[in-house]
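So you can see what is in the structure, the chains are spelled out below.
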Amino acid sequence: MKKRILSAAAIFVCIAAFAQQSPWADAPIASPVINVGGTVTFRIFAPDCTSVQLTGDLFPEEKIQTPAGETADARVVDMTRGGNGVWEYTTPEPLAPELYTYHFIVDGVKVDDPANVYIVRNVAETYSYFIIGGGRADLYKVNAVPHGTLSRVWYDSPTLGMSRRMAVYTPAGYDENGDTRYPVFYLLHGMGGDEEAWPALGRAAQILDNLIAQGKAEPMIVVMPNGNISQEAAPGEGSVGLVVPSSERSTAMEGSFETAFPDIVNYVDSHYRTIADKHHRAIAGLSMGGFHSLHISKYFPDMFDYVGLFSAAITPFDGVRSPVYEDFEGRLRIQFEKKPALYWIGIGNDDFLYEANKEYRSLLDKGGYPYTYFESDGGHIWRNWRLYLSEFAPLLFK
């Protein structure tokens, strides 16, 4: 413990200038800087540090060979120290339009960019981020369009005997159109996430605002609950206080969340102006949320007409038993006999769940069950899940 404290103290001294006292008189350090032509420059003032690196999803997910013949992570690059104590790195090629997250690694310690106030949390880590506009990435920006409202609300779950928190998006005009009723899209996060994941990392409100404004998606209510059934709310938002977030296995995939899901639907239908029938409900989620969407939709086959599996886990963990997961093929048959309007599967070609999804699609093919398949590049990453949301939402409630 003493060694850890001393190490942290040394890093603090090395980056004490993170207040970003300018080495150029009154000119502040700018980072990141999107240059003409699309390259990006990163800077940090760390005059007493011996090593500064940059890591983030702007680099390819692969391993490379160093000149010394060693294997290194391509997502970590060395920055160059200038005579003024500013370390700098400029991408050799323009970056494609996208939302990017990154860290600095200062003498072995990950730190956020002190010159960039835009920070997002992913489970237990925070990241600096920026957006390269253009193309699909413009959906992730706040544009000059009518904006919906993103609220955090608490609902009672009689099944669980507790109150829980969720995020709810209502489209532009919801408050003014007092008699209008709306379809509802239930959007679920992955393991380790919470009700803040889709609003923050997934840019769900921005994507829906922009798609609706462009006439590409129907105005809809989007409900983003907390899928970790033992939690009241996201870390820091519940009565347990400022706990450290964790992506460790929990009670999130043992059937309780699926069994209690009607409590969420009942609350939404009783507190919002919904069209409360199967034809006007959708459910989708990423990873664990895709697992939940798959099993909720087949366990309650009269509840959802639109189902989306984004990089979904398919089968329960070994040893998990619940009525929700029993008679998998029989319940699936009943679900498809009721002819869902859309069954949508998206997966990255480098995703660790790719083979599980391939086997699941073979099962659907064997049963003659219709579905829409979307394959993208890359792995189990938010870049893909934002893409899937922007593809899936325009297909709903047509």
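Residues numbered from 1 in each chain as written. Predicted model: local features only at pLDDT ≥ 70, side-chain atom pairs only at ≥ 80, totals over all residues. Heavy atoms only, no water.

### Details of the pattern of salt bridges
To be explicit about the condition: Each reported salt bridge corresponds to a side-chain nitrogen of Lys or Arg within 4 Å of a carboxyl oxygen of Asp or Glu. The secondary structure listing takes helices from DSSP runs of H or I that are at least 4 residues long and strands from runs of E that are at least 2 residues long, numbered from the N terminus. Think of it in three bands: with a 1.4 Å probe and only protein chains considered, a residue is buried below 20% of the maximum accessible area for its type, exposed above 50%, and partly exposed in between.
Under the defined criterion, the tally for this structure stands at 14 salt bridges. Note that E88 and R43 form a salt bridge whose closest N and O atoms lie 2.8 Å from each other. Here E88 is found in strand β8 (residues 86-90), whereas its partner R43 is found in strand β2 (residues 40-45), with 45 residues between them in sequence. Of the charged contacts, one joins K338 and D302 as a salt bridge, the two residues approaching to 3.3 Å between their closest N and O atoms. In this pair, K338 sits in the loop between α6 (328-337) and β19 (342-348) while D302 sits in the loop between α5 (288-299) and β18 (306-310), placing the two residues 36 residues apart along the sequence. For K338, a relative accessible area of 36% gives the class partly exposed. On the basis of relative accessibility, which here comes to 52%, the residue D302 falls in the exposed class.

### A look at the sheet that holds strand β1 (residues 33-34)
The strands making up a sheet are joined through hydrogen bonds of the backbone, oriented either antiparallel or parallel. The line we're drawing: Strands are treated as partners if at least two bridges between them are detected by DSSP.
Pairing in this open sheet of 4 strands is antiparallel, and the strands run β1-β2-β8-β7 from one edge to the other. Looking at strand neighbours, the two that pair on one side only are β1 and β7 (80-81), the edges of this open sheet.

### Focus on the packing of aromatic side chains
Convention followed: Two rings belonging to Phe, Tyr or Trp (six-membered ring only in the last case) form a pair when the distance between their centres is within 6.5 Å. Interplanar angles under 30 degrees mark stacking, angles over 60 mark edge-to-face geometry, and anything in between is tilted. The rule for a charge over a ring is simple: NZ of Lys or CZ of Arg within 6 Å of the ring centre, and within 35 degrees of the ring normal.
Under the defined criterion, the tally for this structure stands at 31 aromatic pairs. Where F310 meets Y388, the ring centres are 5.8 Å apart and the plane angle is 65 degrees; that geometry is what we call edge-to-face. One end of the pair, F310, is in strand β18; the other, Y388, is in helix α8 (residues 382-392), and 78 residues separate them in sequence. With relative accessibility at 0%, the residue Y388 sits in the buried group. An aromatic cluster is built from F185, W198, F310, W344, F374, W382, W385, Y388 and F392, whose rings are joined through pairwise contacts. Across the ring face of Y373, the terminal group of R361 is positioned such that the distance to the ring centre comes to 3.7 Å. Of note, R386 hangs over the ring of Y140, and the distance from its end group to the ring centre comes to 5.4 Å.

### Quick word on helix α3 (residues 204-213)
Owing to its 3.6 residues per turn, the α-helix brings residues three or four apart onto one side. Here is the rule we go by: Residue contacts follow a heavy-atom distance rule, with two residues in contact if any of their heavy atoms lie within 4.5 Å.
Of all 10 residues in α3, 8 are buried, a share of seventy percent or more. Where α3 is buried, its residues contact β13 (149-157), β14 (162-170), β15 (184-188), α2 (197-200), β16 (221-225) and α8. Note on α3: the residue one or two positions beyond its end, G215, has a positive phi of about 75 degrees.

### Observations concerning the environment of E218
With respect to the secondary-structure elements, E218 resides in the loop between α3 and β16. The spacing of E218 and Y182 is 36 residues in sequence and 9.0 Å in space, taken between C-alpha atoms. Look past the residues within four positions of E218 in its chain and what remains in contact with it is I212, L396, F397 and K398.

### Comments concerning the confidence of the model for the protein
The line we're drawing: The predictor's confidence in any single residue is recorded as pLDDT, a number from 0 to 100.
Across the protein, the average pLDDT comes to 91, with 89% of residues at or above 70. The model gives residues 1-10 a pLDDT under 50, and that stretch makes 0 contacts with residues more than four places away or in other chains.

### With respect to the environment of G82
Tracing the backbone shows G82 in the loop between β7 and β8. Residue G82 is classed as partly exposed on the basis of its relative accessible area of 23%. Taking the C-alpha atoms as reference points, G82 and P47, separated by 35 residues in sequence, lie 8.9 Å from one another.

### What about the nonpolar core?
Operational definition: We call a set of buried Ala, Val, Leu, Ile, Met, Phe, Trp, Tyr and Cys residues a nonpolar core when their side-chain atoms join them within 4.5 Å.
Formed by 40 residues in total, the largest nonpolar core has its most connected members in F185, L187, W198, F310, L389 and L396. The leading source of residues in this core is α8, at 6 residues. Sequence-distant contacts of W198, defined by excluding residues within four places in its chain, comprise L187, L188, H189, R203, A204, M224, L286, F310, W382, W385 and L389. Core analysis: the next-biggest nonpolar cluster, separate from the first, contains 37 residues, V168, Y174, F336 and L364 among them.

### Section: the side chain of D209
The condition is simple: Counting rule applied: Lys, Arg positive; Asp, Glu negative; His and chain ends not counted.
Note on placement: D209 falls in helix α3. One buried charged residue, D209, forms no salt bridge at all, with the nearest opposite charge on R203 at 9.6 Å. Other than its neighbours up to four places away in sequence, D209 contacts V145, P146, H147, G148 and Y169.

### What about the environment of T159?
To keep it simple, the criterion reads: Two N or O atoms count as a polar contact when they lie within 3.5 Å, although within protein this holds only if one can serve as hydrogen donor and the other as acceptor, and sequence-adjacent residues are included solely when both atoms are side-chain atoms.
Following the sequence through the fold, T159 ends up in the loop between β13 and β14. In this structure, T159 is in contact with A260 and D263, ignoring residues within four places of it in sequence. For T159, the side chain forms a polar contact with the side chain of D263, separated by 2.9 Å.

### Here we look at the packing of α6 against helix α7 (residues 354-367)
Packed helix pairs are specified by the crossing angle of their axes together with the interaxial distance, meaning the distance between the axes. Condition: Fitted lines through C-alpha atoms serve as axes, helices being fitted only where they are in contact, and the angles separating the N-to-C directions of these axes extend from 0 to 180 degrees. Oblique is the label for any angle not under 35 degrees, not over 145, and not in the 65 to 115 range, which are roughly parallel, roughly antiparallel and roughly perpendicular in turn. Take the far helix as the reference: if the near one is turned anticlockwise from it by less than a right angle, the crossing is left-handed, and if turned clockwise, right-handed. Ten residue types, Ala, Val, Leu, Ile, Met, Phe, Trp, Tyr, Cys and Pro, are classed as nonpolar, four, Asp, Glu, Lys and Arg, as charged, and the remainder, Gly among them, as polar.
It is at 11 Å that the axes of α6 and α7 come closest, and there the two elements cross at 60 degrees. Our classification of the angle between α6 and α7 gives oblique. The two elements α6 and α7 meet at a crossing, and its hand is right-handed. For the pair α6 and α7, contact is made by F328, E329, L332 and F336 and by Y360, L363 and L364, respectively. Here the residues of the contact of α6 with α7 sort into 6 nonpolar, no polar and 1 charged.

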